[in-house]
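Residues per chain, in single letters:
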Amino acid sequence: MQREAQVVRLLLKQQQVWRAHFPSLRSRTHQLIVHYLCTKGRGGSLARQLYGATKEVFLLDDSTIRERIGGVQKLDFCVTDPPGEKLTGRTVIAPTPALLAKHEAYVQAVAVEICAAAGAIEPGRVFTAPAGLDDRRQAAVLHTLDTYTAAWLTAADRLMEALNLSNARRAEARRRLMSTSYWTLMHRAIAHRFESRASGAEDEGLMADQLASVLLELTGQGIQTTRDHISALTELGLFERRRGRVLRVALAVQAAHHFDQMLAGFTLDVLETAGKLDSGVRARGSEELLVEQTLRLTSIPEPDEPTLSGARPILRIVQPPDAARAIALTNGQMTLGRVPPCDVVLPAADVSRTHCQVELTEGALRVTDLRSTNGTFVEGRRIEMPETIAVGGSLRVGPYTIVFEIGEIDA
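As the structure is a prediction and not an experimental result, all values here were calculated from the model.

Would you mind going over the overall build of the protein with me for this structure?
Across its full length, the protein carries 11 helices and 19 strands. For the protein, the C-alpha radius of gyration of 22 Å lies close to 22 Å, the compact-globule estimate for 411 residues. Each principal axis of the C-alpha distribution contributes one length, and for the protein these read about 75 × 55 × 45 Å. Burial analysis of the protein (411 residues in total) assigns 51% to the buried set. Pairs at least 24 residues apart make up 60% of the contacts formed inside the protein by residues separated by at least 6 positions. Element-wise, carbon and sulfur atoms account for 50% of the exposed surface of the protein, whose accessible area totals about 19,700 Å².

Here it is as structure tokens:
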């Protein structure tokens, strides 16, 4: 359980890092908007694309999303075209240089925390994030955060299903669990549970006043709001009260199992990302020792460096026949979904707007379901956590069967 405890500390630290760089953008919706603008929207993005990406995760209405974008705009972090007009779906939104620079500094700081957490998870290893991340390393950091969001929601959905909540209550619970305040309360309770188990003491829970002080600093919300949140989480079966003269709460036993499993899986993601970030430079007193890097030779060529024969990693859509085509894996990570801005658009009703993500990793294809409605299937089995497939393996997205192979694409 100590490995999972390090992951929770990392996640709480990430929130602190965000607040240090973006103190005026407190909601997790702001985080997604900023990430989107600084990655897929660097050259400008239609507002409706940003609405879709945000709504997919947070289930918010357009007016709330417009308000969140307005918060980013007021800080001169983005510009719109046409300028000065009310946001519509056709408005083009682009990040300013100031936002890009601040976001890059934020990602750098998170990379340092990921390496520190990985070192604590595996004490015999040392990971060092380089000063100044290249595009691939920055993408690895952001991909890790996205992976955790998907895993967090999957674990919450499993719990909601186990509690037999109605669809309406599940949707409401999801909206709450993705907010900064509820997210923080849940992770504080999870962290406290791990700390109690490590010390061998009984989990007596956290006092409401303790949690209120955390939310006051983080979001500006007071004690009454904290108590309302605690009541809602208790009613949902995520918190349970502890005995005492003052209000104390702890993570509910029925909830702990689901989140423990999720954190155990995410531990591997943290270690993998730290390996990608590691620069190999170690400090030794006032000197620096360059650790020799081990070259991992695989039979799969780098995506941006095709072999002389023209063979490269590709996704080949084999079903349905009228959709058959081959797609080069040219940028490491690709998203598959029903509509743009997904890298691979699969226009079928059974496909979610943003359905799944694929990534080349050490000669295999890593597949992550992005909370799709109908699921992503690897070798005929629905996946709940990220899984890898070897060359020749297949995945299914809605009616589409896709094979991972090394091949050529006809001109």
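Honestly, the packing of helix α1 (residues 2-21) against helix α11 (residues 253-277) in this entry has me stumped. Any pointers?
In a pair of packed helices, the angle between the axes and the distance between the axes together describe the arrangement. Where α1 meets α11, the axes come as close as 9 Å, and the angle between the chain directions of the two elements is 75 degrees. Taken together, the axes of α1 and α11 are roughly perpendicular relative to one another. In this structure, α1 contributes R3, E4, V7, V8, L10 and L11 to the contact, and α11 contributes D260, L263, A264, F266, T267, L268, V270 and L271. Here the contact of α1 with α11 is composed, by residue class, of 10 nonpolar, one polar and three charged.

Can you help me understand the sheet that holds strand β18 (residues 394-397) in this one?
The strands that make up a sheet are held in pairs by hydrogen bonds between backbone atoms, and each pair lies either parallel or antiparallel. Overall, antiparallel pairing links the six strands, which are arranged β10-β9-β19-β18-β15-β16 in an open sheet. Each end of this open sheet is capped by a strand with a single partner; those strands are β10 (325-328) and β16 (381-382). In this structure, strand β15 (residues 376-378) lies alongside β16, joined through two bridges in antiparallel fashion. Residue F377 lies in a different strand from β16, and its bridge partner there is R382.

How should I be thinking about the confidence of the model for the protein in this particular structure?
Close reading of the predicted structure is inappropriate where its pLDDT is low. Per-residue pLDDT for the protein averages 84, and the proportion of residues at 70 or more is 91%. When pLDDT is averaged over each helix and strand of the protein, the minimum, 40, is found for strand β8 (residues 287-290) and the maximum, 94, for helix α5 (residues 97-121). The low-confidence segment residues 283-309 (pLDDT under 50) makes 39 contacts with residues lying over four places distant or belonging to another chain.

Would you take a moment to explain the nonpolar core for this structure?
Nonpolar side chains tend to gather and get buried jointly when the protein is soluble and globular. Core analysis: the biggest nonpolar cluster contains 90 residues, and W152, M186, L238, F259, L263 and V270 have the highest contact counts within it. The dominant element in this core, judged by the number of residues it contributes, is helix α6 (residues 135-162), at 11 residues. In this structure, L238 is in contact with L159, M160, L177, M186, L233, A250, L251, A252 and A255, ignoring residues within four places of it in sequence. Counting 24 residues, the second largest nonpolar core, distinct from the first, contains A348, V367, L395 and I402.

Got a minute to help me understand α1 in this structure?
The α-helix winds at 3.6 residues per turn, so residues separated by three or four positions along the chain end up facing the same way. Over its 20 residues, α1 runs 29 Å from end to end, which matches the ideal 28 Å to within 8%, given 1.5 Å per residue. Three or more residues of α1 are buried, namely E4, A5, Q6, V7, V8, L10, L11, L12, Q14, Q15, V17 and W18. Elements in contact with the buried residues of α1: α2 (28-38), α5, α6, α8 (180-199) and α11.

Can you walk me through the environment of T180 in this structure?
Examined against the element boundaries, T180 turns out to sit in helix α8. Considered as a pair, T180 and E202 are 22 residues apart in the sequence and their alpha carbons are 28 Å apart. The residues touching T180, leaving out its near neighbours within four places in the chain, are Q15, R26, S27, R28, L218 and T219. Looking at T180, its side chain comes within polar contact range of the main-chain oxygen of R26, at 2.9 Å.

Help me out: how do you make sense of the sheet that holds strand β3 (residues 92-95) in this one?
Pairing is antiparallel across the open sheet formed by three strands, whose spatial order is β1-β3-β2. At either end of the open sheet lies a strand with only one pairing partner, and these are β1 (45-46) and β2 (78-81). Bridge count for β2 against β3 is four bridges, and the pairing is antiparallel. Residue pairing across strands places D81 opposite V92, the latter belonging to β3.

How should I be thinking about the environment of L336 in this particular structure?
When you line up the elements, L336 lands in strand β11 (residues 333-337). Overall, L336 belongs to the buried group, its relative accessible area being 1%. Distance in space between the C-alpha atoms of L336 and I383 is 15 Å, their sequence separation being 47 residues. Not counting residues up to four positions away in its chain, the partners in contact with L336 are C342, V344, L346, T354, H355, C356, V358, V397 and I402.

Looking at this model, I keep getting lost on the packing of helix α3 (residues 47-58) against helix α4 (residues 62-74). Mind explaining?
Packing of α3 against α4 leaves a shortest axis separation of 10 Å and a crossing angle of 110 degrees. Considered as vectors, α3 and α4 are oriented roughly perpendicular to each other. Contact residues: L50, Y51, T54 and K55 in α3; D62, I65, R66 and I69 in α4.

I tried to follow the packing of aromatic side chains on my own but got confused; where do I start?
Any aromatic ring pair is given by two values, namely how distant the centres are and how the planes are angled relative to each other. In total, this model carries seven aromatic pairs according to the counting rule given. Pairing W18 with F22 gives two aromatic rings, centres 4.3 Å apart and planes at 25 degrees, and the pair type is stacked. Exposure remark for F22: the relative accessible area of 2% places this residue in the buried category. A connected cluster of aromatic rings, assembled from ring pairs, spans W18, F22, F77 and Y106. Positioned above the aromatic ring of F377 is the side chain of R396, whose terminal nitrogen or guanidinium carbon lies 4.1 Å from the ring centre.

Sorry if this is basic, but what is going on with the pattern of salt bridges here?
If charged atoms from side chains of opposite charge come close, those side chains can pair. Applying the stated rule across the entire model yields 16 salt bridges. R158 is the salt-bridge partner of E384, the closest N and O atoms lying 2.4 Å from each other. Taken together, the residues E384 in the loop between β16 and β17 (387-389) and R158 in helix α6 connect sequence positions 226 residues apart. With a shortest N-O distance of 3.3 Å, R176 and E172 are connected by a salt bridge. Here R176 pairs with E172, and both are found in helix α7 (residues 167-177), just four residues apart, close to one helical turn. Take R176: its relative accessible area is 28%, and that puts it in the partly exposed class. Among the charged side chains, a salt-bridge network with shared partners connects D269, E272, K276, E359 and R366.

Definitions and cut-offs
Residues numbered from 1 in each chain as written. Predicted model: local features only at pLDDT ≥ 70, side-chain atom pairs only at ≥ 80, totals over all residues. Heavy atoms only, no water. Helix = DSSP H or I, 4+ residues; strand = E, 2+ residues; numbered from the N terminus. Rg over C-alpha atoms; globule rule 2.2 N^0.38 Å. Buried < 20%, exposed > 50% of the residue type's maximum accessible area, 1.4 Å probe, protein only. Contact = heavy atoms within 4.5 Å. Areas by Shrake-Rupley, 256 points an atom, 1.4 Å probe, with all protein chains shown as cover. Axes fitted to C-alpha atoms, helices over the stretch in contact; angles between N-to-C directions. Parallel < 35°, antiparallel > 145°, perpendicular 65-115°, else oblique. Nonpolar A, V, L, I, M, F, W, Y, C, P; charged D, E, K, R; others polar. Pairing = 2+ DSSP bridges. pLDDT = per-residue confidence, 0-100. Core = buried A, V, L, I, M, F, W, Y, C linked by side-chain atoms within 4.5 Å. Expected span 1.5 Å × (residues − 1). Polar contact = N/O pair within 3.5 Å; in protein donor to acceptor, adjacent residues only side chain to side chain. Phe/Tyr/Trp six-rings, centres within 6.5 Å; stacked < 30°, edge-to-face > 60°. Lys NZ or Arg CZ within 6 Å of the ring centre and 35° of its normal. Salt bridge = Lys/Arg side-chain N within 4 Å of Asp/Glu carboxyl O.

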